[in-house]
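# Topology and contacts: notes
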Amino acid sequence: MEITSLTVHETQALLRSKQVSPQEVVEALGRRIAEVDPVIHGYLSYDLDRAILEAQDVDVRLPLGGVPISLKDVINVKGHPCGCASRILQGYISPYDATVVAKLRAAGAIPFGRVNMDEFAMGSSTENSAFGPTRNPWDATRIPGGSSGGSAAVVAADEAYAALGSDTGGSIRQPAALCGCVGLKPTYGRVSRFGLVAFASSLDQIGPLTKDVRDAAILLNIIAGPDPCDSTSVNEPVPDFTVDLEKGVKGLKVGLPKEYFIEGLDPQVETTVRAAIAHLEGLGAEVVDISLPHTEHALSAYYIIAPAEASANLARFDGVRYGFRAKDVSGLLDHYGKTRGEGFGAEVKRRVILGTYVLSSGYYDAYYLRAQKVRTLIRRDFATAFEKVDAIVCPTSPTPAFKLGERTGDPLSMYLADIFTLAANMAGICGISIPCGFVEEEGKQLPVGLQILGKELKESKVLQVAYAYEQSTVWHQAKPQIG
Ligand code: GLN
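Below: a short report on this structure. What you see is a predicted model; the values in this text were computed from it and never measured. (Residues numbered from 1 in each chain as written. Predicted model: local features only at pLDDT ≥ 70, side-chain atom pairs only at ≥ 80, totals over all residues. Heavy atoms only, no water.)

### Some thoughts on the overall build of the protein chain
The number of helices and strands found in the protein chain is 15 helices and eleven strands. In summary, the protein chain has a C-alpha radius of gyration of 21 Å against a globular reference of 23 Å for 483 residues, a match within 12%. C-alpha atoms of the protein chain, sized along the principal axes, occupy 70 × 55 × 50 Å. Surface summary for the protein chain: the accessible area is close to 17,900 Å², and the carbon and sulfur share equals 53%. For the protein chain, the centre of its 47 positive side-chain charges and the centre of its 56 negative side-chain charges are spaced 4 Å apart. (Helix = DSSP H or I, 4+ residues; strand = E, 2+ residues; numbered from the N terminus. Rg over C-alpha atoms; globule rule 2.2 N^0.38 Å. Areas by Shrake-Rupley, 256 points an atom, 1.4 Å probe, with all protein chains shown as cover. Lys, Arg positive; Asp, Glu negative; His and termini not counted. Charge placed at Lys NZ, Arg CZ, Asp CG, Glu CD.)

Written as structure tokens, this is what we have:
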């Protein structure tokens, strides 16, 4: 068996007992990428020689000592490119490490490669990358989800031991579900965003994509915690997220929100998710019917708030100090217009225009302010629900992976891919997606994700439920046949 098929904790155990060397771990990764990435296109770039060099200096006794961790192209790593899968950041090399990267290094990990994504994390299929889409390891004619589609695909295809992604409206959980891996969105503020290129600052959060739940807990242990460089990081103690893993679900109450089992939910996905919830019940959890009454307004409110924040955050990309700069311009305004016009892709421009519109005077109250009020209602829905239950269980995505190109002409149908994930970002709570079975489409097995949502700062609870499910099922062990 190749080392690359192992989890982070399995790889670390081999490293620590000196059954493999850090160089071998990196070299095996290089071989696997050469073998499968021509099909998957998960990596935008990577520097194998540099990683092998860095492997010589690692201390394998550290928690992640010698394990390469792949990074979404939105997280800064000193001396590496950080392009957000956009033309506008062409040639940009990060002058500093994101806090999560500094923490990974301190834990002995080797930051590895730049993985593909939707441009500036806007999208649900990775088709908005300026450098071509990533493909789903289970069926290369399908999308891997997005926007952290590269992160999910490289983990599922065993061309990464684990990866970090970012989740603004579902971008860790949805691709994890569609690729059959684990994706954890921590509570808003649990993980520092210093060095994460901002999309929508009141929603963005960094989190791990991994092969199993234990790895998600281990990585969260490393990256979580307050950071003086990010004033939105929460100043709360960080527990050891592995401690509660084995506690089981007996006596826990899990809520089944009726608004998440609606028209538009693929019947095969529904059957699979309901079976997973019945399985949790069989393990001793008490399933309680709940209601999150404002769910139906989450999507429209999100698509006002997220673009509004994006329009402000993306104003800095003007080609003046770094990145792409248009040629043949006459004057400053022409420079801005051409640089941003040629540098940004269609979806990013759509968001900037939408965001500028909803913030403009006369429309601000009608759109932005109302969306913020809806956000408060959604937040209250969850607060009320968590008075009754320990966790909420529902589908991560309404459908399995769809075909490449199927939704690119219809932004609204693309936005619907996140209908079950974005409310968690609006409320700031935490959530995970774990593999819970397969559906068959055109003779191919496609993974389905179970989403488990938890109250603010209750990642331990979410991981506890996820682990109990995972360890009593086989889905996380399934591997795709690539090619
Ligand atoms: N698909 C959603 C969007 O395009 C969510 C993206 C994300 O979580 N980064 O806004």
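### Comments concerning empty space enclosed by the protein
Tallied over the entire structure, the rule returns two cavities of 30 Å³ or more. Empty space within the largest cavity amounts to approximately 80 Å³. In this structure, the largest cavity is lined by 13 residues; those nearest its centre are G123, S171, Y302, Y303 and D418. Looking at the lining of the largest cavity residue by residue, the class counts come to six nonpolar, five polar and two charged. Broken down by secondary-structure element, the contributors of at least two residues to the lining of the second largest cavity are α6 (173-179) and β11 (444-454). Sorting elements by how many residues they give to the lining of the second largest cavity places β11 first, with three residues. Across the lining of the second largest cavity, the residue classes break down as six nonpolar, four polar and no charged. (1 Å grid on protein atoms, 1.4 Å probe; cavity = no way out; pocket = protein on both sides within 12 Å on 5 of 7 lines; lining within 4 Å. Points joined across faces, edges and corners; volume = space filled by probe spheres on them. Nonpolar A, V, L, I, M, F, W, Y, C, P; charged D, E, K, R; others polar.)

### Brief notes about the sheet that holds strand β1 (residues 43-45)
Taken in spatial order, the eleven strands line up as β1-β3-β2-β4-β6-β5-β10-β11-β9-β7-β8 in an open sheet, and their pairing is mixed. Each of the sheet's edge strands pairs with one partner strand only, and the pair in question is β1 and β8 (286-290). When strand polarity is set aside, the average angle formed by the axes of neighbouring strands in this sheet is 35 degrees. In the sheet, strand β5 (residues 182-185) pairs with strand β10 (residues 430-441) via three bridges, with the strands oriented antiparallel. By the bridge assignment for β10, L184 is matched with I432. (Pairing = 2+ DSSP bridges. Axes fitted to C-alpha atoms, helices over the stretch in contact; angles between N-to-C directions.)

### A short note on the environment of G149
Tracing the sequence through the fold places G149 in helix α5 (residues 149-156). Overall, the relative accessible area of 0% leaves G149 in the buried class. Along the backbone, G149 and P175 are 26 residues apart, and their C-alpha atoms lie at a distance of 5.3 Å. The residues contacting G149, other than those within four sequence positions of it, are N116, T126, T134, P144 and P175. (Buried < 20%, exposed > 50% of the residue type's maximum accessible area, 1.4 Å probe, protein only. Contact = heavy atoms within 4.5 Å.)

### Regarding the layout of surface pockets
Of the voids in this model, the largest pocket is the one considered here, and its volume is about 330 Å³. Along the wall of the largest pocket there are 22 residues; nearest its centre are T7, K211, D212, H476 and Q477. Mapped by element, the contributors of at least two residues to the lining of the largest pocket are α1 (8-16), α5 and α15 (459-471). Partitioned by chemical class, the residues of the lining of the largest pocket number ten nonpolar, seven polar and five charged. Estimated volume of the second largest pocket: approximately 220 Å³. What lines the second largest pocket is N76, C82, L89, Y92, Y96, G195, L196, V197, A198, R316, F317 and Y322. In terms of residue class, the lining of the second largest pocket is built from nine nonpolar, two polar and one charged.

### Side note on the site of the ligand
Near the ligand lie 15 residues; those nearest to it are G169, S171, Y302, R351 and D418. In the model, an oxygen atom of the ligand is placed 3.3 Å from a nitrogen or oxygen of the G170 main chain. At 2.7 Å, a side-chain N or O of R351 approaches an oxygen atom of the ligand. About the coverage of the ligand: the protein hides 100% of its 300 Å² of free accessible area. Judged by the proximity of its atoms to the pocket grid, the ligand belongs to the largest cavity. (Near = heavy atom within 4 Å. Polar contact = N/O pair within 3.5 Å; in protein donor to acceptor, adjacent residues only side chain to side chain. Sits in = over half its atoms within 2 Å of the grid points.)

### Topic: helix α9 (residues 298-313)
Here α9 spans 22 Å end to end across 16 residues, near enough to the 22 Å set by a 1.5 Å rise per residue. Along α9, 14 of the 16 residues are buried, which leaves the element largely enclosed by surrounding structure. (Expected span 1.5 Å × (residues − 1).)

### Looking at a nonpolar patch on the surface
A grouping of Y357, Y363 and Y367 is seen on the molecular surface, where their side chains present a nonpolar patch of about 270 Å² in accessible area. Along the chain, Y363 turns up in the loop between α11 (346-359) and α12 (364-388). Of the residues examined, Y363 reaches a relative accessible area of 35% and is grouped as partly exposed. (Patch = residues over 30% accessible without salt bridge, like charges linked within 9 Å, V, L, I, M, F, W, Y side chains within 5 Å. Salt bridge = Lys/Arg side-chain N within 4 Å of Asp/Glu carboxyl O.)

### As for the nonpolar core
With 150 residues, the main nonpolar core has I75, L104, F120, F382, L450 and I452 as its most contacted residues. The dominant element in this core, judged by the number of residues it contributes, is α9, at ten residues. (Core = buried A, V, L, I, M, F, W, Y, C linked by side-chain atoms within 4.5 Å.)

### Concerning the pairing of β5
Side chains V182 and L184 project from β5 onto one buried face, and the interleaved G183 and K185 project onto a second face that is buried too. Across two bridges, the pairing between β5 and strand β6 (residues 206-210) is antiparallel. Across the sheet, residue V182 finds its bridge partner in β6, namely T210.

### Considering the state of the cysteines
Enumeration over the complete set of coordinates arrives at zero disulfides. No disulfide involves C430; its sulfur sits 13 Å from the nearest other cysteine sulfur, which is in C394. (Disulfide = S-S within 2.5 Å.)

### Description of the packing of α9 against α12
Across the interface, α9 lies against α12 with an axial gap of 9 Å and an inter-helix angle of 125 degrees. Looking at the two axes, α9 sits oblique to α12. The two elements α9 and α12 cross, and the hand of that crossing is left-handed. Here A298, A301, I304, I305, A308 and E309 of α9 lie close against α12, whose contacting residues are Y367, Y368, A371, Q372, V374, R375 and I378. Per-class residue counts for the contact of α9 with α12 are ten nonpolar, one polar and two charged. (Parallel < 35°, antiparallel > 145°, perpendicular 65-115°, else oblique. Left-handed = near helix turned anticlockwise from the far one by under 90°.)

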